[in-house]
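Here is how the chains run, residue by residue.
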Amino acid sequence: MLILLDEPFLDGASLAALTEEFSWCGPVVGIGNREGAFRIAPLVAAGRADFVYRDASFLPLALALVERALGCEQEIDRRIEEADAAAARAPECNWLPDPDGFPEEALRLLGAILENLEIVLSEPERIPAAARRLGRAADLAFDLKTGLRLLAGRSPSETRN
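Residues numbered from 1 in each chain as written. Predicted model: local features only at pLDDT ≥ 70, side-chain atom pairs only at ≥ 80, totals over all residues. Heavy atoms only, no water.

This part takes up the environment of A137. As for its position among the elements, A137 is in helix 5 (residues 131–151). When its relative accessible area of 5% is taken as the criterion, A137 is described as buried. Each C-alpha atom, one on A137 and one on L117, is 6.8 Å from the other, the two residues being 20 residues apart in sequence. If we ignore the near neighbours within four places in the chain, the residues touching A137 are I113, N116 and L117. (Helix = DSSP H or I, 4+ residues; strand = E, 2+ residues; numbered from the N terminus. Buried < 20%, exposed > 50% of the residue type's maximum accessible area, 1.4 Å probe, protein only. Contact = heavy atoms within 4.5 Å.)

Next up, the structure:
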């Protein structure tokens, strides 16, 4: 997923504010005037967005930035698939027998969490492009937490003080 924000089409909304909001969802390419560039500069410096001046020749640069962001997403997806395939080929651990197989599932979920986080955090400059991978890691962690609660004999939503 990539978000392209073109200032003339924002119906008066602030390019900087929208870029800030959407940069947490995925890579953002903003297109606008010089004033917009000054407002969005902190996000560009942090690697959370790209900016293109809207002039007569802005389109090739905007397209190049879109292609770069989508290429990063595809590379991350490829690495995740490789890590999942490697985890599926790993030998089974028999050190914690359980007729329901929960420890096996817990280990698989933890492995997936660690693989996702390792890939995302191995290249800090790509973290904005990989925000959805962090979301996937969080989803896996919540699944694991629910399973551990069930193993402990508590309901999935029960909290312990």
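Once the structure has been displayed, the description carries forward.
What follows covers the pattern of salt bridges. Within the structure shown, the criterion is met by six salt bridges. For R54, the salt bridge is made with D6, and the minimal N-O distance between the two is 2.5 Å. Taken together, the residues R54 in the loop between strand 3 (50–53) and helix 3 (58–89) and D6 in strand 1 (residues 3–6) connect sequence positions 48 residues apart. One salt bridge in this structure joins R79 and E75, with 3.0 Å as the shortest N-O distance. One end of the pair, R79, and the other, E75, are both in helix 3, four residues apart, so they sit about a helical turn from each other. Judged by its relative accessible area of 22%, E75 falls in the partly exposed class. Members of the salt-bridge network, linked through shared partners, are E75, R78, R79 and E82. (Salt bridge = Lys/Arg side-chain N within 4 Å of Asp/Glu carboxyl O.)

Taken as a whole, this structure holds one aromatic pair when the rule is applied. With centroids separated by 5.5 Å and ring planes inclined at 85°, the aromatic side chains of F51 and Y53 adopt a geometry described as edge-to-face. Residue classification places Y53 among the partly exposed residues on the basis of a relative accessible area of 37%. (Phe/Tyr/Trp six-rings, centres within 6.5 Å; stacked < 30°, edge-to-face > 60°.)

To continue, consider the pairing of strand 2 (residues 28–32). Burial analysis of strand 2 places five of its five residues in the buried class, which makes it a mostly covered element. A two-sided burial pattern is seen for strand 2, the buried positions comprising V28, G30 and G32 on one face and V29 and I31 on the other. Relative to strand 2, strand 1 is paired through four bridges, and the arrangement is parallel. Bridged to L5 within strand 2 is G30. Chirality of the crossover, the property in question, places the unit of strand 1, helix 1 (residues 15–22) and strand 2 among those that are right-handed. Across four bridges, strand 2 lies against strand 3 in parallel orientation. Bridged to G32 within strand 3 is Y53. The parallel pair strand 2 and strand 3 is bridged by helix 2 (residues 34–45), and the resulting crossover is right-handed. (Pairing = 2+ DSSP bridges. Right-handed = clockwise from strand over helix to strand, strands pointing away.)

Here the focus is the nonpolar core. One finds I3, L5, L10, L15, L18, V28, A37, I40, L43, A49 and F51 forming the largest nonpolar core, which totals eleven residues. Sorting the residues of this core by element identifies strand 1, helix 1 and helix 2 as the ones contributing at least two each. The element that contributes the greatest number of residues to this core is helix 2, accounting for three residues. Residue contacts for I40: discarding those within four places in its chain leaves A16, T19, A49 and F51. V29, A62, L65 and V66 belong to the second-largest nonpolar core, a separate cluster that totals seven residues. (Core = buried A, V, L, I, M, F, W, Y, C linked by side-chain atoms within 4.5 Å.)

A separate point is the confidence of the model for the chain. For the chain, mean pLDDT is 75; residues scoring 70 or higher make up 75% of the total. In this model, residues 93–97 is a region of pLDDT below 50 whose contacts with residues beyond four sequence positions or in other chains number three contacts. (pLDDT = per-residue confidence, 0-100.)

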